[in-house]
Amino acid sequence: MAKLDWITEELKELKEKGLYVTIRKLESAQGPWVVVDGKKVLNMCSNNYLGLAAHPKIKEAAIRAILDYGVGAGAVRTIAGTMELHVELEEKLAKFKKREAAILFQSGYNANLGAISALIKKNEDAVFVSEELNHASIIDGMRLSGAPKVIYKHLDMEDLKKRLEEVKDKKKKLIVTDGVFSMDGDLAPLPEIAELAEQYDAMVYVDDAHGEGVLGEHGRGIVDHFKLHDRIDFEMGTLSKAFGVIGGYVAGPEEAIDYLRQRGRPFLFSSAVNPPDVAAAIAAVEILQKSDELVQKLWDNTRFLQNSLRELGYDLGNTKHPITPVMLYDEKRAQEFSRILYEEYNIFAQAIVYPTVPKGTARIRLEPSAAHSKEDLQYAIDAFEEIGKKMKFI
Ligand SMILES: *Cc1c(COP(=O)(O)O)cnc(C)c1O
């Protein structure tokens, strides 16, 4: 099959450059400890922040929904795929986020693709104003739109102002940003962004994938954290991280959400989320609505892990979030650190290297969860102390 030889070449090149991703296989439920390759390892790299992915109440809700509604949704939302469960989840999400309405998509990726491409279109007097480190799904949403974009520097409000000044005569402007940046755990300065947006009459769209279930009261997200509900137009969220299930959504003004139901392409052209997933997501929202116990536990664990690592002498950058980048700088040494963690200490934690982060800023990214015990975290901290001393990082 000579016509497929290019694939062999490309794979070879990825491997030579150290960019080929080895995909590990979990042989157990998602949780603080997981079985990988027959070995029980401490899981320090999942986005299951609250431990909801295998929570008994959520599993029960999914099972009940299968018995009542079956497994498949059967169609796209606009034809025959909207069940009462979908509408209930949308209403509960809107209430949880303190917004007028919400629209459910199949994933966070789809939510960004659908909403962003519908809000700014190619053949109109309009522009995206996009943060430099935005998630790939935002970038793909802008690509699907095909409208022009200007990019402002990471967290740099002077630069945002400059870019807005450049495009101030455009009729429609959408500032689009991640709320929490997933490689560093730093936060978008939303109050300043809202201020500039008002000054330049721009809409604002925030991707709250890592803020949900983590920031704000009861984990309502970054907009609630900054108390900006009436000043940020669109909040996109995912149900796959803290909520532990699958799905994505956009919350905002009623009429704008109604518009997205008419124009969001993944909503129109890809089948609805399946009933057990929707029911599981409803149960997750209900748990958070009722109690902030898991959110408090997550933050308690985060403070414990981050304070201990800082005391050991590690640089954790500018994180304001459970995302904990342990800065090791050198790519090879970070890979080596991660390998030792896994092979000698049974700790599953990813090394994050160029091109995901800039050269010379390699790190191990740890993500504590509410499901970890203090003993679990102490075990990881002890490993970081031993390996760090051996490798002369601390
Ligand atoms: C994970 C993530 C998404 C995609 O969400 P999924 O529900 O996994 O598709 C979008 N944006 C950001 C910032 C994310 O971290």
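One can find the structure itself at the top, above this paragraph.
Starting from 1, residues in each chain are numbered consecutively following that chain's sequence as written. Local features in this predicted model are restricted to residues whose pLDDT is 70 or higher, and side-chain atom pairs enter the listing and the counts only when it is 80 or higher, whereas totals over whole chains, interfaces and linings include all residues. Calculated side-chain values reflect all of the structure's heavy atoms, with hydrogen atoms and water omitted.

1. Structural notes on the overall build of the chain
To be explicit about the condition: Numbering of helices and strands runs from the N terminus; a helix is a DSSP stretch of H or I covering at least four residues, while a strand is a stretch of E covering at least two. For the radius of gyration, the atom set is restricted to C-alpha positions; the globular benchmark scales as 2.2 Å times the number of residues to the power 0.38. With a 1.4 Å probe rolled over the protein chains alone, any residue whose accessible area is under 20% of its type maximum counts as buried; one over 50% counts as exposed, and the rest are partly exposed.
Secondary structure assignment for the chain yields 15 helices and 13 strands. A compact globule built from 394 residues would reach a C-alpha radius of gyration of about 21 Å, and the chain, at 22 Å, matches this within 12%. The principal-axis extent of the C-alpha atoms belonging to the chain is close to 60 × 55 × 55 Å. Looking at the chain as a whole, 52% of its 394 residues qualify as buried.

2. Regarding the pairing of strand E8 (residues 234-238)
Selection criterion: Here, strands pair whenever DSSP counts at least two bridges between them.
For E8, a buried count of 5 out of 5 residues is recorded, marking the element as mostly surrounded by other parts of the structure. Here E8 shows two buried faces, one formed by Phe234, Met236 and Thr238 and the other by Glu235 and Gly237. Relative to E8, strand E7 (residues 203-207) runs parallel, the two sharing 3 bridges. Pairing of aspartate 207 across the sheet is with methionine 236, part of E8. Bridge count for E8 against strand E9 (residues 248-252) is 4 bridges, and the pairing is antiparallel. Considered in E9, the bridge of glycine 237 is made with tyrosine 249.

3. A look at the sheet that holds E7
Note the cut-off: Think of each axis as a best-fit line through the C-alpha atoms, taken over the contacting stretch in the case of a helix, with angles from 0 to 180 degrees between the N-to-C directions. Any pair of residues with heavy atoms lying within 4.5 Å of one another is described as a contacting pair.
The strand order E3-E9-E8-E7-E6-E4-E5 describes an open sheet built from 7 strands, whose pairing is mixed. Both outer strands of the open sheet, strand E3 (101-105) and strand E5 (149-152), are each paired with one neighbouring strand and no more. Neighbouring strand axes in the sheet, compared pairwise and without regard to direction, differ in orientation by 20° on average. Bridge count for strand E4 (residues 126-131) against E5 is 4 bridges, and the pairing is parallel. Note on E5: the bridge partner recorded for serine 130 is isoleucine 151. Of the strands in this sheet, E5, strand E6 (172-178) and E7 touch helix H8 (residues 190-200), which is tilted by about 175° from E6. Across the face of the sheet, helix H10 (residues 254-263) comes into contact with E3, E8 and E9 while running at roughly 25° to E3.

4. Focus: the pattern of salt bridges
It is possible for side chains bearing opposite charge to pair when their charged atoms get close. The cut-off we apply is this: A pairing counts as a salt bridge when a side-chain nitrogen of Lys or Arg comes within 4 Å of a carboxyl oxygen of Asp or Glu.
Throughout the structure, instances matching the rule amount to 25 salt bridges. Two residues, glutamate 195 and arginine 231, come together in a salt bridge whose shortest N-O distance is 3.6 Å. You can see glutamate 195 sitting in helix H8 and its partner arginine 231 sitting in the loop between helix H9 (222-225) and E8, a full 36 residues away along the chain. Residue classification places glutamate 195 among the partly exposed positions, given a relative accessible area of 47%. The partly exposed category is assigned to arginine 231, whose relative accessible area is 28%. Of the charged contacts, one joins aspartate 258 and arginine 261 as a salt bridge, the two residues approaching to 4.0 Å between their closest N and O atoms. Here aspartate 258 and its partner arginine 261 are both found in helix H10, 3 residues apart, which amounts to about one turn of the helix. In this structure aspartate 258 comes out as partly exposed when scored by relative accessible area, which is 39%. Bridged by salt links that share partners, the residues Lys97, Arg99, Asp208, Glu212 and Glu235 form one connected network.

5. Details of the site of the ligand
Defined as follows: When we say a residue is near a molecule or strand, we mean one of its heavy atoms is within 4 Å of it. Under the rule applied, a polar contact is a pair of N or O atoms within 3.5 Å (in protein, one hydrogen donor and one hydrogen acceptor; residues adjacent in sequence only if both atoms are side-chain atoms). Polar here means any residue outside two lists: the nonpolar Ala, Val, Leu, Ile, Met, Phe, Trp, Tyr, Cys and Pro, and the charged Asp, Glu, Lys and Arg; Gly therefore counts as polar.
Inspection of the region around the ligand gives 14 residues, with Gly108, Tyr109, Asp207, Thr238 and Lys241 positioned closest. Between the ligand and the protein, one listed contact pairs an oxygen atom with a backbone N or O atom of glycine 108 at 2.7 Å. Of the residues forming the shell around the ligand, the biggest block, 3 residues, is contributed by helix H5 (residues 108-119). Each residue belonging to the shell around the ligand can be placed in one class, and the counts come to 2 nonpolar, 9 polar and 3 charged.

6. Remarks on the sheet that holds strand E11 (residues 347-348)
Across the sheet, 3 strands lie side by side as E1-E2-E11; this open sheet has mixed pairing. Across the chains shown, the open sheet's two edge strands, defined by having one partner strand only, are strand E1 (33-36) and E11. Pairing of E1 with strand E2 (residues 39-43) involves 4 bridges; the strand directions are antiparallel. Pairing of tryptophan 33 across the sheet is with leucine 42, part of E2.

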